[in-house]
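# Coordinate inspection notes
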Amino acid sequence: NSGTGVVTFDPSGSELIDGDSTFTLYPGGSCCVQCDGGGLRKVGVYQISSFQCIHARDEKPSGTEGGTSSSGSNTRVLNTVVINSIPGASLSSNKVTLPPGVYVFAAHAPVGIGSGAHRLNLYNYTNSSNVLTGRNTAAPSSGAAFASGNDGQFTLSVASDLELRHYISAGVATYGLGSPSSTG
């Protein structure tokens with residue numbers, strides 16, 4: 001699909017394609033469809049023909065703490081777009097809006113010393129569900145602070161607002177969402 005819209009394969013009548021009544025191919029994706037006499041099936045793998053990216057992050061002045069964390073789910077601040085080459089993508093109110101498509105995702109977020117167990121999740125605010133669940137990590141009660149990470153691939157069938165939700169077992173005042181750092 002070299003266009004900007006989605007291509008939907010809709011087999012005739014009761015025919016299915018890999019067991020589904022329709023199949024959607026997003027911009028930049030490609031595959032072969034084969035009829036084996038008993039049905040249709042997709043052959044090959046999606047291929048993204050061009051790299052598009054949105055890089056959103058939390059930027060604070062040098063020496064500023066990350067903020068107070070609470071026990072439970074904490075929505076991470078996203079206030080700056082560094083790169084955005086995805087048509088229809090945007091950032092507003094800590095949420096990244098993405099159009100339908102297949103995405104590769106990577107994120108990390110710090111926590112303060114004493115935060116205990118924590119996990120960074122990519123959350124779909126539009127349909128109220130976790131898209132990707134991060135790895136379980138634990139921050140010690142003393143020593144160096146830790147960061148939690150999350151990465152993977154996901155598909156959106158409709159435009160969606162996504163946010164980072166950081167589950168933290170023990171809230172920490174002032175630097176629970178990251179210790180201050182100097183840009184030196």
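Here is what the cut-offs are and how they apply
Residues numbered from 1 in each chain as written. Predicted model: local features only at pLDDT ≥ 70, side-chain atom pairs only at ≥ 80, totals over all residues. Heavy atoms only, no water. Helix = DSSP H or I, 4+ residues; strand = E, 2+ residues; numbered from the N terminus. Buried < 20%, exposed > 50% of the residue type's maximum accessible area, 1.4 Å probe, protein only. Contact = heavy atoms within 4.5 Å. Phe/Tyr/Trp six-rings, centres within 6.5 Å; stacked < 30°, edge-to-face > 60°. Lys NZ or Arg CZ within 6 Å of the ring centre and 35° of its normal. Salt bridge = Lys/Arg side-chain N within 4 Å of Asp/Glu carboxyl O. Polar contact = N/O pair within 3.5 Å; in protein donor to acceptor, adjacent residues only side chain to side chain. Core = buried A, V, L, I, M, F, W, Y, C linked by side-chain atoms within 4.5 Å. Pairing = 2+ DSSP bridges.

## Regarding the overall build of the protein chain
What the protein chain contains, in helices and strands, is zero helices and 15 strands. Put simply, the protein chain has 184 residues, and 29% of those count as buried. Contacts in the protein chain between residues at least 24 apart in sequence constitute 63% of all its contacts with a sequence separation of at least 6.

## As for the packing of aromatic side chains
Throughout the structure, instances matching the rule amount to two aromatic pairs. With centroids separated by 5.5 Å and ring planes inclined at 25°, the aromatic side chains of Tyr103 and Phe154 adopt a geometry described as stacked. Here Tyr103, found in strand E10 (residues 101–111), pairs with Phe154, found in strand E14 (residues 146–156); they are 51 residues apart in sequence, far enough to count as distant. Each member of the pair Tyr103 and Phe154 is classed as buried. Measuring from ring centre to ring centre gives 6.5 Å for Phe105 and Phe154, while their planes differ by 70°; the resulting arrangement is edge-to-face. In this pair, Phe105 sits in strand E10 while Phe154 sits in strand E14, placing the two residues 49 residues apart along the sequence. According to the relative accessible area criterion, Phe154 is buried, its value standing at 7%. The cationic tip of Lys95 hangs over the ring face of Tyr125; the distance from NZ or CZ to the ring centre is 4.2 Å.

## As for the pattern of salt bridges
Opposite charge on two side chains allows them to pair when their charged atoms are near. Overall, the coordinates contain five salt bridges when judged by the stated rule. For Lys60, the salt bridge goes to Asp58, with nearest N and O atoms at 2.7 Å. Here Arg165 ties to Glu163 by a salt bridge, and the two come within 2.6 Å at their closest N and O atoms. The exposure class assigned to Glu163 is buried, which follows from its relative accessible area of 3%. In this structure, a network of salt bridges that share partners links the residues Lys95, Glu163 and Arg165.

## Brief notes about the side chain of Lys95
Counting through the fold element by element, Lys95 comes out in strand E9 (residues 95–98). In terms of polar contacts, Lys95 uses its side chain to reach the side chain of Glu163, at 3.5 Å. In contact with Lys95, not counting residues within four places along its chain, are Ser90, Tyr125, Asp161, Leu162 and Glu163.

## Some details on the nonpolar core
Proteins that are soluble and globular tend to have nonpolar side chains buried together. Grouped together as the largest cluster of nonpolar side chains are 16 residues, with contacts concentrated most on Leu98, Phe105, Leu122, Phe154 and Leu164. Residue assignment for this core shows that the elements contributing at least two residues are E9, E10, strand E11 (116–124), E14 and strand E15 (160–168). The leading source of residues in this core is E10, at four residues. In this structure Phe105 touches Leu122, Leu132, Asn150, Asp151, Gly152, Phe154 and Leu164, once residues within four positions along its chain are discounted.

## Quick look at the side chain of His118
Considering the arrangement of structural elements, one finds His118 in strand E11. With relative accessibility at 2%, the residue His118 sits in the buried group. A polar side-chain atom of His118 sits 3.2 Å from a polar atom in the side chain of His166. In contact with His118, not counting residues within four places along its chain, are Val111, Arg135, Asn136, Thr137, Ala138, Ala139, Phe146, Ala147, Ser148, His166, Tyr167 and Ile168.

## Re the pairing of E10
Alternating positions in E10 separate cleanly, Gly101, Tyr103, Phe105, Ala107, Ala109 and Val111 being buried on one face and Val102, Val104, Ala106, His108 and Pro110 remaining unburied on the opposite face. Here E10 pairs with E14 via 11 bridges, running antiparallel. For Pro110, the partnering residue across the bridge sits in E14 and is Ala147.

## What to know about the environment of Gln153
Relative to the helices and strands, Gln153 resides in strand E14. Residue Gln153 is classed as exposed on the basis of its relative accessible area of 53%. With residues up to four places along the chain from it excluded, the contact list for Gln153 reads Val102, Tyr103, Val104 and Leu132.

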